[in-house]
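Summary of structural features
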Number of protein chains: 2
Amino acid sequence: MAFRKNDEPTPVYYQLQVEIKNKIESGEWKSGSMIPPERVFTEEYQVSVGTVKKALSNLVNDGYLLRKQGKGTFVTGTSLRREQLRYYRLFNHFHDESPKIDVKLIDIQPVKGDKQINRYLNLKPSQSLFCVKRVLLTATTPLIYTVSYLPQHLFKELDRLPRDLFEKELFYLILEENYAVSTVSNQELIGAIAADEDMARFLEVEVESPLVSIEMLSYTYKERPYEYRLSYCQTRTRKIFREY
Amino acid sequence: MAFRKNDEPTPVYYQLQVEIKNKIESGEWKSGSMIPPERVFTEEYQVSVGTVKKALSNLVNDGYLLRKQGKGTFVTGTSLRREQLRYYRLFNHFHDESPKIDVKLIDIQPVKGDKQINRYLNLKPSQSLFCVKRVLLTATTPLIYTVSYLPQHLFKELDRLPRDLFEKELFYLILEENYAVSTVSNQELIGAIAADEDMARFLEVEVESPLVSIEMLSYTYKERPYEYRLSYCQTRTRKIFREY
DNA sequence: GCTCATTTGTTCGTATGTATC
DNA sequence: TGATACATACGAACAAATGAG
């Protein structure tokens with residue numbers, strides 16, 4: 001299909017940009033794979049190199065593509081799209097080093113849908129979820145207790161995956177590799193609460209201790225939410241770092 | 001001064017980009033003002049339009065410039081650089097509307113330097129600070145109690161500014177307009193603490209209530225810190241919203 | 001180690017369109 | 001209307017990185 005000049009007001013490079021973006025978001029061009037070289041676009045759409053370059057360069061800025069001289073143009077995966085998609089960065093002071101974080105899986109269970117959670121995830125109230133409980137720790141000090149909810153229909157047999165996978169790999173990488181869900185954005189609501197007995201046990205603090213609570217929604221392409229997560233953080237030794 | 005081709009490996013557009021960025025960061029080209037048109041750069045540096053366009057376009061992406069067809073190229077101010085430099089966005093639930101926030105100034109006082117704070121602000125231990133205490137509230141509900149520290153030598157006579165200015169304008173705008181300090185980035189350390197008597201009084205909560213505590217460092221150009229702020233947030237009705 | 005084809009990166013120069021005043 | 005300024009698009013040439021043979 002060809003572009004017609006002086007027909008519609010939207011620039012040619014932008015139309016091409018949208019077409020490519022759609023192929024990525026629809027999954028036709030998968031995360032990590034190489035897309036056709038500039039030359040192919042110029043021939044197929046009968047436009048100049050500069051126009052193709054502009055479209056591709058914009059998609060690099062938007063985080064969809066990576067280009068490497070001599071190699072080609074590649075679809076960005078979650079970890080490449082955001083160098084720092086470490087949900088939790090923990091520091092004692094500004095300018096500290098971020099410590100290594102270990103993950104302990106508590107359990108994964110299929111659960112019934114919850115009215116509020118299903119609404120956040122754009123699901124019907126009846127649809128079922130998986131509930132994943134984990135503890136994040138440095139050395140032997142537990143720092144964060146997280147409870148994630150994911151739709152069962154998107155993550156089939158999530159509870160059949162080997163348990164140690166969850167303790168070795170980052171959660172969003174597991175989802176990307178096994179279910180081709182690429183993380184594009186996150187929203188958080190941050191609050192403070194007093195620890196209940198569950199939290200106190202997992203985080204090894206006293207009941208009623210002040211904790212940071214984080215409600216998180218993770219989105220994939222097309223602004224589709226795929227995970228609702230509750231996190232509880234004890235911040236006596238390490239605080240949560242954000243930069244913007 | 002002219003660029004020589006094939007002399008140094010760094011691209012011409014990048015050299016030009018750095019030169020322009022320096023003029024902005026040094027204050028030679030002030031926030032909001034128009035910079036020379038493309039034509040002037042092409043003549044002065046003997047490069048083509050495309051090269052100038054690339055340099056300028058990169059600085060637009062980095063948030064330093066704004067370009068408007070038919071008008072010109074302008075240096076971005078803090079509020080333009082980041083459409084959402086609202087330090088605190090408060091929500092009950094995801095997708096809520098952000099409420100209007102009022103500010104009540106408690107006091108501004110000159111104080112002696114503090115070892116740790118002065119280190120964060122890259123000051124000698126002896127240099128004095130201003131301490132600004134404020135309460136942020138919606139309607140009549142106090143939400144956040146903040147204590148800011150700013151170096152006296154940068155913000156001369158800050159305590160002489162009319163008090164009601166602090167209750168009408170955003171803090172970073174006051175600093176930008178009166179002291180030409182443009183906010184480029186922020187770092188935060190988020191933790192949870194139990195309210196002490198001061199916090200409890202200002203936030204109208206009970207002593208020992210869990211609060212979110214935020215340590216914030218604000219930076220201007222050249223990664224120079226200019227404000228250290230401690231915030232205490234009661235999050236029973238409104239939570240702190242973050243998106244990334 | 002060298003050469004060659006492929007692919008992206010940089011730069012030039014030109015022409016035309018469009019928004020602003 | 002005209003002058004100015006940025007936006008879009010074309011096409012060409014050469015540079016630089018990569019990988020295969």
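Residues numbered from 1 in each chain as written. Chains lettered and ligands numbered in written order. Predicted model: local features only at pLDDT ≥ 70, side-chain atom pairs only at ≥ 80, totals over all residues. Heavy atoms only, no water.

Thoughts on the state of the cysteines
Residues and elements named next belong to chain A. In this structure the tally under the stated criterion is 0 disulfides over all chains. Cys 131 carries a free sulfur, and the closest cysteine sulfur to it, the one in Cys 233, is 17 Å from it. Residue Cys 131 is classed as buried on the basis of its relative accessible area of 6%. (Disulfide = S-S within 2.5 Å. Buried < 20%, exposed > 50% of the residue type's maximum accessible area, 1.4 Å probe, protein only.)

What about the sheet that holds strand β1 (residues 34–35) of chain A?
If you trace the 3 strands from one edge of the open sheet to the other, you get β1-β3-β2 (chain A), paired in antiparallel fashion. Strand pairing shows two members of the sheet lacking a second neighbour, β1 and β2 (65–68) of chain A, which therefore form its edges. (Pairing = 2+ DSSP bridges. Helix = DSSP H or I, 4+ residues; strand = E, 2+ residues; numbered from the N terminus.)

Some thoughts on the protein's contact with DNA strand C
The full set close to DNA strand C counts 24 residues, and B:Val12, B:Tyr13, B:Ser48, B:Thr51 and B:Gln69 are the nearest of them. Protein-proximal atoms of DNA strand C, defined as those within 4 Å of the protein, fall in sugar or phosphate at a share of 74%. Contact between DNA strand C and A:Thr73: a phosphate oxygen at 3.1 Å from a side-chain N or O atom of the residue. One of the side-chain nitrogen or oxygen atoms of B:Gln69 is found 2.7 Å away from a base oxygen of DNA strand C. At the level of elements, α2 (38–45), β2 and β3 (72–75) of chain A together with α1 (12–25) and α3 (49–61) of chain B are the ones that each hand at least two residues to the surface near DNA strand C. The leading source of residues in the surface near DNA strand C is α3(B), at 3 residues. Broken down by class, the residue content of the surface near DNA strand C amounts to 6 nonpolar, 9 polar and 9 charged. (Near = heavy atom within 4 Å. Polar contact = N/O pair within 3.5 Å; in protein donor to acceptor, adjacent residues only side chain to side chain. Nonpolar A, V, L, I, M, F, W, Y, C, P; charged D, E, K, R; others polar.)

Some details on unusual backbone geometry
All names here are of chain A. Even without glycine at this site, Asn 122 takes up a positive phi of about 60°. The topology assignment puts Asn 122 in the loop between α5 (115–120) and β6 (129–138). Judged by its relative accessible area of 61%, Asn 122 is exposed.

Observations regarding the interface of chain A and chain B
At the junction of the two partners, chain A supplies 36 residues and chain B supplies 36 residues. Both sides of the chain A and chain B interface together cover about 3300 Å² of buried area, and 59% of this is carbon and sulfur. Seen at the junction of chain A and chain B, the total is 0 salt bridges. Counting the contacts that link chain A with chain B gives 4 residue pairs in polar contact (both at pLDDT 80 or more). Among the elements of the structure, α5, β8 (185–194), β9 (210–220) and β11 (239–243) of chain A are those that each provide at least two residues to the side of chain A that touches chain B. Among the elements that line the side of chain A that touches chain B, the one with the most residues is β8(A), at 10 residues. (Contact = heavy atoms within 4.5 Å. Buried area = accessible area lost by both parts, 1.4 Å probe. Salt bridge = Lys/Arg side-chain N within 4 Å of Asp/Glu carboxyl O.)

Observations regarding helix α2 (residues 38–45) of chain B
Residues spaced three or four apart along an α-helix point in a common direction, a consequence of the helix completing one turn every 3.6 residues. All names here are of chain B. Here α2 has its buried residues at Glu 38, Phe 41, Thr 42 and Tyr 45. Viewed along the axis of α2, the buried residues span an arc of 100°, placing them on a single side of the element. At its buried positions, α2 is contacted by α1, β1 (34–35), α3 and β2 (65–68). Two residues or fewer past α2, Gln 46 is found with a positive phi of approximately 55°. (Arc of directions from axis to C-beta.)

A short note on the sheet that holds strand β3 (residues 72–75) of chain B
Remark on secondary structure: sheet strands pair via backbone hydrogen bonds, oriented parallel or antiparallel. Residue and element names in this part refer to chain B. Across the sheet, which stays open at both edges, the 3 strands sit in the order β1-β3-β2 with antiparallel pairing between neighbours. Each edge of the sheet is formed by a strand with only one pairing partner; in this case those strands are β1 and β2. Note: β2 against β3, 4 bridges, orientation antiparallel. In the sheet register, Arg 67 faces β3, and the bridge partner there is Thr 73.

Notes on the relation of the copies chain A and chain B
Structural alignment of chain A on chain B gives an RMSD of 0.1 Å, achieved by rotating through 180° and translating 0.1 Å along the axis. In short, the pair behaves as if placed about a two-fold rotation axis. For chain A, the smallest separation between a C-alpha atom and the rotation axis is recorded for A:Pro210, amounting to 2.4 Å. The residues that chain A uses at the interface reappear at the interface of chain B in 100% of cases, marking a shared surface. (Least-squares fit on C-alpha atoms with pLDDT ≥ 70 in both.)

Some words on the domain arrangement of chain A
Residues and elements named next belong to chain A. Parsing chain A into structural domains produces domain 1 (12–76) and domain 2 (80–241). Between domain 1 and domain 2, the contact holds 8 residues from the first and 5 residues from the second. For the domain 1 and domain 2 pair, buried surface summed over both sides reaches about 660 Å², with 55% attributable to carbon and sulfur atoms. Of all residues in domain 1, the largest losses of buried area upon contact with domain 2 belong to Glu 25, Ser 31 and Thr 76, amounting jointly to 58% of the total for that side. Along the contact surface separating domain 1 from domain 2 lie 0 salt bridges. (Domains from an automatic or database assignment.)

Regarding the pairing of β6(A)
All names here are of chain A. Within β6, 9 of the 10 residues are buried, which leaves it mostly tucked inside the rest of the structure. Of the strand pairs in this sheet, strand β5 (residues 102–111) and β6 are connected by 9 bridges, and their pairing is antiparallel. Across the sheet, residue Asp 102 finds its bridge partner in β6, namely Leu 137. Taken together, the 10 bridges between β6 and strand β7 (residues 141–151) define a ladder with antiparallel strand orientation. Following the sheet pairing, Leu 129 is matched in β7 by Pro 151. Taking the residues between adjacent antiparallel strands as the criterion, β6 and β7 are bridged by 2 residues, where Ala 139 takes a positive phi near 50°.

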